[in-house]
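Observations on chain architecture
Chain residues, written in single-letter form:
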Protein chains: 2
Amino acid sequence: MRAEIIAVGTELLLGQITNTNATFLSKELAGLGIDVFHHTVVGDNPERLKEVLRVAEKRSDLIIFSGGLGPTKDDMTKQTIANYLGKDLVLDQPTMDQVLAYHQKIKKEMPENNKMQAMVIEGSTVLPNTTGLAAGMFLQHQDTCLLLLPGPPNELYPMFLNTGKQLLLPLLGQQEFLLSRVLRFYGIGESKLATLLDDLIENQTNPTLATYAGTYEVTLRLTAKANSESEANLLLDDLENQVQSLVGSYFYGYGDQNSLPQVVVQALQKHQLTITAAESLTGGLFQSELASIPGASKIFPGGFVTYSPEAKSSLLAISPHIIEQEGVVSEACAKAMAEHVRAKMATDIGVSLTGVAGPDELEQQPAGTVWIGLASKGKEPTAYLYHFAHQRNGNRERAVLTAFDLVRKYLEKHC
Amino acid sequence: MRAEIIAVGTELLLGQITNTNATFLSKELAGLGIDVFHHTVVGDNPERLKEVLRVAEKRSDLIIFSGGLGPTKDDMTKQTIANYLGKDLVLDQPTMDQVLAYHQKIKKEMPENNKMQAMVIEGSTVLPNTTGLAAGMFLQHQDTCLLLLPGPPNELYPMFLNTGKQLLLPLLGQQEFLLSRVLRFYGIGESKLATLLDDLIENQTNPTLATYAGTYEVTLRLTAKANSESEANLLLDDLENQVQSLVGSYFYGYGDQNSLPQVVVQALQKHQLTITAAESLTGGLFQSELASIPGASKIFPGGFVTYSPEAKSSLLAISPHIIEQEGVVSEACAKAMAEHVRAKMATDIGVSLTGVAGPDELEQQPAGTVWIGLASKGKEPTAYLYHFAHQRNGNRERAVLTAFDLVRKYLEKHC
């Protein structure tokens, strides 16, 4: 099966955004064993889209479109394809209900053009949009299958993973069972992970494995083809064992929709432990990540952002001796912050983050220098030193993830 | 002049790398006033590359190729193009000297296949590679110009900027000046903005204007063509005046690299005012956004995350009467949090965020209900009610941006 990905959007041709949808879809299709032979990008122009479609139809069995399904004038993908195929657009009532419910909820009148998001090509299977309003579509026309997906990655990714992939499976001839398992790693780069797994990657047939670089983490997708789910799971178990024996020390969890904060919040809930934090350079980001996980209120009462040295003294009673003699970017300060905030909030665990976000240095220490403190009821507090080499906000984000990884390892060891 | 960018490389079609070269080149060509109408990606396959070239030659005046100029077996861009054009590959001695010198320097024997990097299509202008070994090429064939660049971005970018761009300038008929201005809006959706600007968008010629949906905000790009920068600025001023008269109440700032937190931090710095916050549902995200802007320490000493009702009492002394009678999701609680945190941190401005992130309701109020409080030294605190309709973290992010917008408007009015 030969596939082609057509992205529609003038903003791509102006270089304002990058076609990461093509990267995502290509990787997914490769995992399904579908050959992608072309990517095409064309602007919001009906004549040029039709010309591109004419070329694609001749050479491809599957054409996946991204973009141009929204409500504004320059969104014209489905209109143009319908016109090309000699089909009408018809109202999809479930999508229309969703669009109306959205506007009722935000208590705003629905602009008339929003109705367009619920119009679909007649005879197509509608793909619901769980993170936006524009519906997706799947249809067969003569020998070609067409899949229309919205442009924003946060709508396209879940729509493809939740619905699009399933619609493609029957096209793949053999009725095989396809099962994926995603392993997540922190503290190792993609190229180092790939090097350590070199033999497994070189010799992959079934299951296959592919690395993906996320934001400061790496994921590994293992995909097995088999006659049944249990057979596929056996194949995945075997490969995962080999992977874990090589890089298991960086592994933190499973699944596409997972993260270090989620793993930590779940572990705290499981062990009925509470946590708090005192943050300097991260300015509240660690706590915000805790609060981003549903159910966080069971394990997190709140905490402090002690950004200035004065706030560290006045809110957490860090002694002037530590601040003046050792500095705020120090082991002593990190330990005191973690222990004082833990005691003040009466939680089981206290975390502190203090360091130099950048761009400028602080206390003669370079940007990226970070101390993370960890206090636990009835134990001596500890602190760890890191040197990150990102920009200001990269250093802040790495510090937060590293703090979560420290808490995860602590819970793994002590619970 | 119509341009097309053809990237050659199977790794792009497997989703192993993203076509960022197309983004870079598109932006550069837009800056030169050259219209890019297509991006194409094709694998390391001579037949498919020829087919793509055949299509491109018919519709484009300029074709820029990236990738496939290296020494290995799968590099076949120039060989295929030479074959298509009926031309030979010839040795370029300066490139050959560079390849030999490189191998002398690293004290390794030159692999025989490295000679291929110095072979160029006969009759082409050679573009030297300052960061790698493979030479670039520029040639005209009938009505089409072809520019061949290497695939690695660290070779392609400097080769285009140092040499490629200069080779394109003579093709550009008139020497027009192209200038863009980006306007940023918060509190209005893309479709509503487009509706309000409908007449301007419909009748655009020069300057042009285009809307882009960002994360919870909208940007508008105005682009003018003129004979000089000052003439282009006059055209942009005139169009911007029309835009501002229609949607100016949602406008918050200029530029591609700007954000509401940045505008607020800069305004606070300018007026030498300090700010703090007490956050419930947002769990520290407002403060983290403040801390994300360099120089935030001048205007932000720190603050509180009062996630649980108990933390609101113990850390901010919110009276039990308010929490029990009015609830934590209330105007009274938002006002008290803002005023108490402002007083406790001794800042000029205090912000509070309290509400229901979701997915569950709280105090019989639905997810998305948010009160934002604003306190200012010597004034009565105020609070504002919002109903957001996103998922948990969308509601949290919208609450934070809305709080920044409130502070921005407050400063605009009172400073």
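Please read these numbers as outputs of a predicted model, since none were measured by experiment.

**What about the domain arrangement of chain A?**
According to the domain assignment, chain A consists of domain 1 (2-174), domain 2 (178-254) and domain 3 (260-414). Distance between the C-alpha centres of domain 1 of chain A and domain 3 of chain A: 44 Å.

**Re the packing of aromatic side chains**
In total, this model carries 15 aromatic pairs over all chains according to the counting rule given. Centroid distance Phe24(A) to Phe160(A): 6.2 Å. Interplanar angle 85 degrees. Geometry classified as edge-to-face. Taken together, the residues Phe24(A) in helix α2 (residues 20-32) and Phe160(A) in helix α6 (residues 153-168) connect sequence positions 136 residues apart. Overall, the relative accessible area of 0% leaves Phe160(A) in the buried class. Note on Phe24(B) and Tyr157(B): the rings are 3.9 Å apart at their centroids and 5 degrees apart in plane angle, and the pair reads as stacked.

**Comments concerning helix α4 (residues 77-85) of chain B**
Turning to α4(B), its buried residues are Thr77(B), Lys78(B), Thr80(B), Ile81(B), Ala82(B) and Leu85(B). Just downstream of α4(B) lies Gly86(B), where phi reads positive at about 70 degrees.

**A short note on the interface of chain A and chain B**
Taken together, the 70 residues of chain A in the interface contact 71 residues of chain B. Of the roughly 5100 Å² buried where chain A meets chain B, counting both sides, 56% is carbon and sulfur surface. If you look at where chain A meets chain B, you find four salt bridges. Linking Glu202(B) and Lys73(A) is a salt bridge whose minimum nitrogen-to-oxygen distance equals 3.8 Å. Counting every contact that joins chain A to chain B gives 29 residue pairs in polar contact (both at pLDDT 80 or more). At seven residues, strand β2 (residues 35-42) of chain A tops the list of elements feeding residues into the side of chain A that touches chain B. With five bridges connecting them, β2(A) and strand β2 (residues 35-42) of chain B associate as antiparallel partners. When the bridges of β2(B) are listed, His39(A) appears paired with Val41(B).

**Regarding the pairing of strand β13 (residues 275-279) of chain B**
All names here are of chain B. Counting buried residues in β13 gives five out of five residues, a clear majority hidden from the surface. Two strands pair when backbone bridges link them, and β13 and strand β15 (residues 349-355) are joined in this way by five bridges, in the parallel orientation. Bridging from a neighbouring strand, Ile275 pairs with Ile349 of β15. Pairing between β13 and strand β14 (residues 302-306): two bridges, direction parallel. Along β14, the bridge assignment pairs Glu279 with Val305. In this fold, the crossover linking β13 to β14 by way of helix α11 (residues 285-291) has right-handed handedness.

Calculation notes
Residues numbered from 1 in each chain as written. Chains lettered and ligands numbered in written order. Predicted model: local features only at pLDDT ≥ 70, side-chain atom pairs only at ≥ 80, totals over all residues. Heavy atoms only, no water. Domains from an automatic or database assignment. Phe/Tyr/Trp six-rings, centres within 6.5 Å; stacked < 30°, edge-to-face > 60°. Helix = DSSP H or I, 4+ residues; strand = E, 2+ residues; numbered from the N terminus. Buried < 20%, exposed > 50% of the residue type's maximum accessible area, 1.4 Å probe, protein only. Contact = heavy atoms within 4.5 Å. Buried area = accessible area lost by both parts, 1.4 Å probe. Salt bridge = Lys/Arg side-chain N within 4 Å of Asp/Glu carboxyl O. Polar contact = N/O pair within 3.5 Å; in protein donor to acceptor, adjacent residues only side chain to side chain. Pairing = 2+ DSSP bridges. Right-handed = clockwise from strand over helix to strand, strands pointing away.

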